[in-house]
Amino acid sequence: MPDVNLSERLMQGPLPAQFADVQAHKPLTISQYKEFSRETAEILRERFSAQANIYELIALNTFIMDELLKNIWQQSQVPDHAAALVAVGGYGRREMFPGSDIDIMIVLDEASDPSTELKIKAFLTLLWDIKLPVAQSVRTVKECISEAKNDITVMTSLMEHSYLAGNRELYDRLAMTIDKNKIWPSKKYFKEKSEELISRHHKYGDTANHLEPNVKENPGSLRDLHTLQWLTNRHFKTSCFEELVRESFLTNNEVSSLRDAYTTLARIRFALHLHTGRGEDRLLFDYQYDVASLLGFENIQRNHRVEAFMQLFYRTTNRVSTLAEIIVQRLQSCIFPSLLRRRAKPINACFQVRGTQLEARHPEIFVQTPSAILEVFSLLQEHSHLAGPSDGLTRLLLDHLDLIDEAFRNNDCNRERFVSILNHPGTNSREIRRMAQLGVLGKYWPCFDLVTGRMQFDLYHIYTVEEHTLRVFENACQFSIPASGNELAAYHDVFTQTPKALILYLAALFHDIAKGRNGDHSELGAEDARDFCLNHNLSSFDANLVSWLVKNHLVMSMTAQHQDINDPMVLKKFAENVGNLTRLHYLYLLTIADIQGTNPKLWDSWRSTLLANLYENTSRYLHHGLDSPVEPKELIQEVKESALQTLGKLGFDTNRCLAFWKELEEDYFLRHSDDEVVRQASAIFSRPTKEEVVVSIHQYSARGATEIFIYCNDRNYLFAHITSTLSRLGLTVVHARIITSKKGHALDTFLVLSEAGEPISDTSQCTIVAERLAETLRDPHRITLSSSKKLPRKIRELRVPVRTQFEDSPTHSYTTMELKAPDFPGLLVSLGSAFVDCNISIHNARISKLGERVHNIFQLSTLDNQPLNSQQQQGLEQAISQSLQ
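If you're wondering where the values come from, they're calculated on a predicted model, not measured in any experiment.

Analysis parameters
- Residues numbered from 1 in each chain as written.
- Predicted model: local features only at pLDDT ≥ 70, side-chain atom pairs only at ≥ 80, totals over all residues.
- Heavy atoms only, no water.
- Helix = DSSP H or I, 4+ residues; strand = E, 2+ residues; numbered from the N terminus.
- Buried < 20%, exposed > 50% of the residue type's maximum accessible area, 1.4 Å probe, protein only.
- Contact = heavy atoms within 4.5 Å.
- Areas by Shrake-Rupley, 256 points an atom, 1.4 Å probe, with all protein chains shown as cover.
- Lys, Arg positive; Asp, Glu negative; His and termini not counted.
- Charge placed at Lys NZ, Arg CZ, Asp CG, Glu CD.
- Core = buried A, V, L, I, M, F, W, Y, C linked by side-chain atoms within 4.5 Å.
- Pairing = 2+ DSSP bridges.
- Phe/Tyr/Trp six-rings, centres within 6.5 Å; stacked < 30°, edge-to-face > 60°.
- Lys NZ or Arg CZ within 6 Å of the ring centre and 35° of its normal.
- Patch = residues over 30% accessible without salt bridge, like charges linked within 9 Å, V, L, I, M, F, W, Y side chains within 5 Å.
- Salt bridge = Lys/Arg side-chain N within 4 Å of Asp/Glu carboxyl O.
- Arc of directions from axis to C-beta.
- Axes fitted to C-alpha atoms, helices over the stretch in contact; angles between N-to-C directions.

Asks: I keep staring at the overall build of the protein chain and nothing clicks. Help me out?
Replies: From N to C terminus, the protein chain includes 41 helices and 16 strands. Across its three principal directions, the C-alpha atoms of the protein chain cover 100 × 75 × 50 Å. Looking at the protein chain as a whole, 56% of its 885 residues qualify as buried. The long-range share in the protein chain, meaning contacts at least 24 apart out of those at least 6 apart in sequence, stands at 71%. Looking at the protein chain as shown, the accessible area adds up to about 38,300 Å², and 48% of this sits on carbon and sulfur atoms. Each charge class in the protein chain was averaged separately, 96 positive and 110 negative side chains, and the resulting centres sit 3 Å apart.

Written as structure tokens, this is what we have:
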């Protein structure tokens, strides 16, 4: 970015009290230097406002830093002939934000004498003493050249140089050498730097549309603008984007867009540094509200203020990403002109192919034939070997987006082509994303433009609405690809049972399209989807099916993670809602695509297995027929008979099994499969005679997690003891069933995942877990309960509510408590501590997760087995709230 000269008006504003002394090179004490830096930070804060000129503020900060370093250089008495003090990197390009590192280099003519070395050391020591964030290097000119040849990062830093003090002739010699193309010719520099750009984008997930983005490093961020400047500077020897207009490389509109984007991003980064008081470049949830306020966003409602601010950020980075792709492609053609000398091969009257790019045959194609805008993407699908549109064609597209108006959208040929692009196997996800990046999708489908850059204020999503939508669509398209030996193979098999792929693709695009509107986004999105389908000549049947999928897109994940899918009534209700196998196939695939596109960390073996089980059980239910469902009594009898048969083969006495089962409520057999019943009975019957504690671990259960079964005498605080131990062992509980027999025995099952989000893979670790739990349960008096853990900052910032609801049982001496809360490591430990503090006993419980929320149901009593009165309920509610703060 350009170096803006400080105006007289700016210099007349407030400056640090001792600025004149610093500028006059008068020595200060260390405390005075520190105070000078502190005053500088305060002045920058005072001068910053919604109307402040960000270029002038950055220039002011850079200028003050120049004068401070010159002063300290003079106090250190480094001989002028021996060395030059040079600003490099961000400081060298005159871009000092409040928390920027101070990149400096001390250039030596030759190896320095001991006296000079001591003075340079004194200079650097003083910088460290006054706590300046200095990044320094000390090199001869020869060493600079050698380092630059070997490391493109060093070369890039040296390209941005600015003289500060010392030997000017030495500085000029270095600058002349660096500016020549001999060290890094533009071809070599372009190749390395463009690969570095791609690598950095991959590191950040190829999108800036994360809910906690990095304003400096994300795709479309300030670093992309810097990279464009480095690449063009190396080739054209220019110092700013404006000079590239004279080179006929950039248009005035492109320069204006780049300048506007830099202004927006620079203001955000400046405000972020002011708010955090350091060089923090991550826009974390904790900072977004305050940064928005600093930038002048004044919406009264907190979320609306943040939403408006972040939407500006996302739209800006999306614009930069698009421009960067165009400019890099254009520069490649300049640096490697042979690409342009290839012979063009006409495709039709409007388009031609040159090399691996699609080109326009004349500049008026879109004015003469607006429908050719969509034709670009369908041609790229037909010629799938092409890398994409040329930079010239891309520029034409961007310049003619306004041609996509109501008449364009209502044109039957355009509608047919759009549906064809959506439904084209193999390339549909690539071209739909390209349409989104270039703004074509938002113009053709205005609903998509409304959610572009829109945040999602929940614990599940890590992307903006439009980025999440594109990822879900891409996931859905992946199901069409044959696979073998993994999850995709199973999903592909289900995909082949769906009548029309287009139904799934449309549901994926519309499932969250109504986010941010007043009302239920599922219902509003369902209405939009139906209208869109009918307008695009889909049948009423297909339109209704897409609409149903959008309206119910959360039902399967909520049922699987929120409810006990072994309960016949839960399965019956879900199956009745789904109605038929076709809907089930679509809903299953949409649910998987949705979760995988929400947050990669959410998809694990447990959720995969949970959904697969619900899908398979519902399939059997629907095959059996809704009019003749399996009754709970039949299921219970089926589980008992199957388990009894297996236990008999294992040598266990039938009468002993039946006698033991009489101690259990019938609900036990609805909540456990026959395999689980066998494993638990075997563990209990096989224990030594005097052993009161059983810990049995099934490493890879059918539920996609490691199953830990505990059998012992029930007692107070048992839940707290178990969860505290599991937490110490680094295990996450994803599901739990707490059952107390009629004789007072606890039969508790915990499904756990390791810190890697997978079942425990090491058999020896299973042994350690079993031993630790057994020790804990045999001698609970030695246990020190883990302390409650604080809520993670993301949950705290989003202010996710904790809801408790109590209900007394008319037939039992307990109180049922339903808890809905954000999930985080240590949640169950915190709950256990709250139960201990309030002297609460747990008789039964069902613990389940939905994304990053939990839905737990506990059957509780006082220690003397009485239901909780209203005062005790209120006390427990307060204890839980306090433990989760």
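Anyway, onward from the coordinates.
Asks: What is the right way to read the nonpolar core from this model?
Replies: A general trend in soluble globular proteins is that nonpolar side chains are found buried together. Core analysis: the largest hydrophobic core is formed by 108 residues, its most contacted members being Leu69 and Ile104. With 12 residues, the top contributor of residues to this core is helix H15 (residues 302-335). Beyond its immediate chain neighbours, meaning those up to four positions away, Ile104 contacts Leu69, Leu85, Val86, Val88, Tyr91, Phe123, Leu124, Leu127, Val134, Ala135, Gln136 and Ser137. Ile404, Ile503, Ala560 and Ala705 belong to the second-largest nonpolar core, a separate cluster that totals 96 residues.

Asks: Explanation requested: the environment of Met159 in the structure shown.
Replies: Residue placement: Met159 occurs in helix H8 (residues 152-159). In the structure, Met159 is positioned 11 residues away from Ala148 in sequence and 9.7 Å away in space, judged by C-alpha atoms. Once residues within four sequence positions are removed from consideration, Met159 is found in contact with Ile178, Tyr189, Trp230, Asn233 and Arg234.

Asks: I keep staring at unusual backbone geometry and nothing clicks. Help me out?
Replies: What you tend to see is this: most non-glycine residues have negative phi, and most peptide bonds are trans. One non-glycine residue, Gln77, lies in the positive phi region at around 60°. Along the chain, Gln77 turns up in the loop between helix H4 (54-76) and strand S1 (83-87). Positioned with a positive phi, Lys237 is a non-glycine residue whose angle comes to about 60°. With respect to the helices and strands, Lys237 occurs in the loop between helix H11 (222-236) and helix H12 (242-246).

Asks: How should I be thinking about the environment of Thr767 in this particular structure?
Replies: Structurally, Thr767 is set in helix H38 (residues 763-778). For Thr767, a relative accessible area of 41% corresponds to the partly exposed category. Along the backbone, Thr767 and Gln882 are 115 residues apart, and their C-alpha atoms lie at a distance of 35 Å.

Asks: What's the story with the sheet that holds strand S8 (residues 388-389) in this structure? I'm lost.
Replies: Adjacent strands of a sheet form backbone hydrogen bonds with each other and so pair up, either parallel or antiparallel. The mixed open sheet is built from four strands, whose spatial order is S5-S6-S7-S8. Looking at which strands have only one partner, the edges of the open sheet turn out to be strand S5 (345-346) and S8. As defined by bridge partners, strand S7 (residues 357-360) adjoins S8 across two bridges and the pair is classed as parallel. Bridge pairing in S8 links Gln357 to Gly388.

Asks: What is the right way to look at the environment of Ile43 in this model?
Replies: Inspection of the secondary structure assignment puts Ile43 in helix H3 (residues 30-47). Residue class for Ile43 comes out buried when judged on its relative accessible area of 7%. Spatially, the C-alpha atom of Ile43 lies 36 Å from that of Ala82, the residues being 39 residues apart in sequence.

Asks: Explain the packing of aromatic side chains to me, please; I cannot follow it from the model alone.
Replies: Aromatic rings in a pair are described by how distant their centres are and how their planes are angled relative to each other. Under the defined criterion, the tally for this structure stands at 30 aromatic pairs. Relative to Phe63, the ring of Phe19 has its centre 5.9 Å away and its plane inclined at 50°; by these criteria the two rings are tilted. Of the two residues, Phe19 is situated in helix H2 (residues 19-23) and Phe63 in helix H4; the sequence distance between them amounts to 44 residues. Considering the side-chain rings of Phe473 and Tyr505, the 5.8 Å spacing of their centres and the 70° angle between planes classify their relative orientation as edge-to-face. Taken together, the positions of Phe473 in helix H24 (residues 465-478) and Tyr505 in helix H26 (residues 501-510) put the pair 32 residues apart, joining distant regions of the chain. Put simply, the rings of Phe408, Phe418, Tyr444, Trp445, Phe448, Phe510 and Phe532 touch in pairs and so form one group of aromatic residues. Positioned above the aromatic ring of Tyr163, the side-chain terminus of Arg168 is 4.5 Å from the ring centre. One residue, Lys188, lies across the ring of Trp184, its end atom 4.4 Å from the ring centre.

Asks: Would you explain a negative patch on the surface in this entry?
Replies: Residues Asp520, Glu523, Glu527 and Asp531 make up a contiguous surface patch of negative charge. Along the chain, the position of Glu527 falls in helix H27 (residues 521-535).

Asks: Help me understand helix H14 (residues 285-294), please; the structure alone is not making it clear to me.
Replies: What sets the pattern is the α-helix's 3.6 residues per turn: residues three or four places apart point alike. What H14 keeps buried is the set Phe285, Tyr287, Gln288, Val291 and Ala292. Along H14, the residues classed as buried sweep out an arc of 135° about the axis, all on the same side. Downstream of H14 by one or two residues, Gly296 has phi in the positive range, about 95°.

Asks: Mind showing me how you'd approach helix H37 (residues 718-728) here?
Replies: Taking burial as the measure, the 11 residues of H37 include nine buried ones, the bulk of the element. If you check which residues of H37 are buried, you get Leu718, Phe719, Ala720, His721, Ile722, Thr723, Ser724, Thr725 and Leu726. Once H37 ends, the next one or two residues include Gly730, with phi positive near 75°.

Asks: For this particular structure, what's the right way to read the pairing of strand S14 (residues 815-822)?
Replies: In summary, the side chains of a regular strand alternate between the two faces of the sheet. Relative to S14, strand S13 (residues 803-808) runs antiparallel, the two sharing six bridges. The partner of Arg803 across the bridge, within S14, is Lys820. Across eight bridges, S14 lies against strand S16 (residues 853-862) in antiparallel orientation. By the bridge assignment for S16, Thr815 is matched with Leu860.

Asks: Just checking my understanding: could you explain the sheet that holds strand S4 (residues 162-166) for this structure?
Replies: Taking strand neighbours across the sheet as the criterion, the four strands line up as S3-S2-S1-S4 in an open arrangement whose pairing is mixed. Looking at which strands have only one partner, the edges of the open sheet turn out to be strand S3 (134-140) and S4. Mean inter-strand twist for the sheet, computed between neighbouring axes without regard to direction, equals 25°. In this sheet, S3 lies alongside strand S2 (residues 102-108) in parallel orientation, the contact comprising seven bridges. Looking at S3, one finds that Leu108 is bridged to Thr140. Helix H6 (residues 114-129) contacts S1, S2 and S3 of the sheet and is inclined by roughly 175° relative to S2. Together, S2 and S3 form the strand contacts of helix H7 (residues 141-150), whose direction differs from that of S3 by roughly 110°.

Asks: Honestly, the pairing of S7 in this entry has me stumped. Any pointers?
Replies: Side chains Gln357 and Glu359 project from S7 onto one buried face, and the interleaved Leu358 and Ala360 project onto a second face that is buried too. Pairing analysis gives four bridges linking strand S6 (residues 351-354) to S7, with the strands arranged antiparallel. Bridging across to S7, Gln352 finds its partner in Glu359. Hairpin remark: S6 followed by S7, antiparallel, with two residues in the connecting loop; positive phi at Gly355, about 65°.

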